[in-house]
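Remarks on the overall topology
Spelled out, the chains give:
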Amino acid sequence: MRTMEEYRALVEKALQNALPQKNGFSDVLYDACAYSLYASGKRLRPCLVLAAAEYMGVPVSEAMPYALAIEMIHTFSLIHDDLPAMDNDVLRRGKPTNHVVYGEAMAILAGDGLLTYAFEYMLQGAAKYPEHAQAHLRAIYAIASAAGLSGMGAGQSADVDYEKHGAAGKNKEALLSYIHENKTAAMIRGALLAGIELGDPDDKTRAAFAAYGKNMGIAFQIADDILDATSTTEEMGKTVGKDEAEGKLTYVALYGLDEARVHLENLTRDAITAIEPVDRKHYFASLAQALLTRKN
Ligand code: GRG
């Protein structure tokens with residue numbers, strides 16, 4: 001297995017050829033997709049796909065379409081999350097947001113385009129390996145279910161609904177866990193599961209990666225909440241301090257900074273405990289530990 005930096009370099013290179021060619025009439029859609037996709041994201045989810053696949057002995061070349069597809073879906077979610085109707089953000093990945101540059105209508109199309117193309121891209125990838133068709137179907141399912149109505153979409157809707165209507169009698173702790181588990185952790189868990197499903201994991205491995213991904217994913221969002229309250233716009237490449245200003249339901253808002261940090265540490269420990277039985281070289285434990293202290 002390689003380092004996360006090595007996976008990231010492979011992802012950046014492969015991404016450059018991932019979008020369909022320009023054809024003249026819809027070049028602006030290509031430009032809008034490329035603008036956000038090629039901006040400097042951390043590429044965490046695609047790197048997780050590749051690491052999990054290599055852990056299972058699957059070559060990077062076979063896993064790459066799934067890595068790039070999940071980054072396209074993640075980028076779609078960022079473009080739409082930034083729209084005026086949602087978070088109304090003007091800065092993302094260190095650049096003006098998609099709708100600021102291309103207008104709202106084109107930003108909606110770019111998000112829709114990236115989401116849809118991700119599935120086209122995964123199916124093209126799967127078609128090259130007819131002898132592994134079942135494994136590729138399982139990988140597509142892992143990503144589709146992470147992104148959709150019982151994953152990221154569900155979490156985002158609960159988040160948006162809270163902003164419009166408040167908790168409306170719901171238990172706030174449970175609602176916050178639901179939002180973080182679905183809005184953010186589902187895609188991190190989905191990336192890991194897609195990677196291992198390309199091999200032929202046993203139930204123990206599947207369960208370990210699922211629990212690891214869920215705990216690390218929630219921890220990742222808590223770190224995001226903490227950074228929103230403590231970091232700078234320059235460091236994060238997006239506007240910080242908005243969570244508090246807009247009364248968002250976050251770990252910092254509900255528990256305060258110190259307790260949010262304790263939740264972050266506990267979830268990281270739970271992630272490490274979950275993966276330990278199958279984590280041959282402590283690769284995934286080290287990764288969770290590194291994310292605990294991330295700066296952006
Ligand atoms: C209804 C199908 C459906 C989907 C909903 C708008 C939306 C689509 C989802 C929003 C999900 C969202 C923005 C969650 C926040 C997750 C998060 C922590 C994003 C930041 O991830 P990083 O830090 O960002 O990995 P980079 O830019 O580094 O990739």
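To keep things clear, this report deals only with the structure shown in the data block. (Residues numbered from 1 in each chain as written. Predicted model: local features only at pLDDT ≥ 70, side-chain atom pairs only at ≥ 80, totals over all residues. Heavy atoms only, no water.)

1. Notes on the site of the ligand
Among the 18 residues in the neighbourhood of the ligand, the closest are listed as Lys-42, Arg-45, His-74, Arg-93 and Gln-156. In this structure, an oxygen atom belonging to the ligand sits 2.6 Å away from a side-chain N or O atom of Lys-42. His-74 places a polar side-chain atom, nitrogen or oxygen, 2.8 Å from an oxygen atom of the ligand. For the ligand, whose accessible area on its own is 750 Å², the fraction buried by protein is 86%. Sorting elements by how many residues they give to the shell around the ligand places helix H4 (residues 60-81) first, with six residues. (Near = heavy atom within 4 Å. Polar contact = N/O pair within 3.5 Å; in protein donor to acceptor, adjacent residues only side chain to side chain. Areas by Shrake-Rupley, 256 points an atom, 1.4 Å probe, with all protein chains shown as cover. Helix = DSSP H or I, 4+ residues; strand = E, 2+ residues; numbered from the N terminus.)

2. Brief notes about helix H6 (residues 104-127)
Its 24 residues give H6 an end-to-end C-alpha distance of 35 Å, which sits within 8% of 34 Å, the value for a rise of 1.5 Å per residue. Three or more residues of H6 are buried, namely Met-106, Ala-107, Ala-110, Gly-111, Leu-114, Tyr-117, Ala-118, Tyr-121, Met-122, Gly-125 and Ala-126. (Expected span 1.5 Å × (residues − 1). Buried < 20%, exposed > 50% of the residue type's maximum accessible area, 1.4 Å probe, protein only.)

3. Some thoughts on the environment of Asp-279
Residue position: Asp-279 is located in the loop between helix H14 (257-275) and helix H15 (283-292). For the pair Asp-279 and Leu-193, spaced 86 residues apart in sequence, the C-alpha to C-alpha distance is 15 Å. Residues within four places of Asp-279 in sequence aside, it is in contact with Phe-284 and Ala-285. Polar side-chain contacts of Asp-279 include one of 2.8 Å to the backbone nitrogen of Ala-285. (Contact = heavy atoms within 4.5 Å.)

4. Observations regarding the packing of helix H1 (residues 4-15) against helix H3 (residues 44-55)
Contact geometry for H1 and H3: axes closest at 9 Å, N-to-C directions at 110°. Classed by the angle they form, the pair H1 and H3 counts as roughly perpendicular. Crossing handedness for the pair H1 and H3: right-handed. For the pair formed by H1 and H3, the contact residues are Met-4, Tyr-7, Arg-8 and Val-11 on the first element and Leu-44, Pro-46, Cys-47, Leu-48, Leu-50, Ala-51 and Glu-54 on the second. By residue class, the composition of the contact of H1 with H3 is nine nonpolar, no polar and two charged. (Axes fitted to C-alpha atoms, helices over the stretch in contact; angles between N-to-C directions. Parallel < 35°, antiparallel > 145°, perpendicular 65-115°, else oblique. Left-handed = near helix turned anticlockwise from the far one by under 90°. Nonpolar A, V, L, I, M, F, W, Y, C, P; charged D, E, K, R; others polar.)

5. Considering the nonpolar core
One finds Leu-48, Tyr-66, Met-72, Phe-209, Tyr-212 and Phe-284 to be the most contacted residues of the largest nonpolar core, which totals 73 residues. When residues of this core are assigned to their parent elements, the largest contribution, 12 residues, is made by H4. If we ignore the near neighbours within four places in the chain, the residues touching Phe-284 are Met-1, Ala-51, Ala-52, Tyr-55, Leu-192, Phe-209, Tyr-212, Ile-275 and Asp-279. One finds Leu-176, Ala-185, Tyr-251 and Leu-292 within the second-largest nonpolar core, a separate group that totals 19 residues. (Core = buried A, V, L, I, M, F, W, Y, C linked by side-chain atoms within 4.5 Å.)

Worth remembering: the numbers are spatial, not functional.
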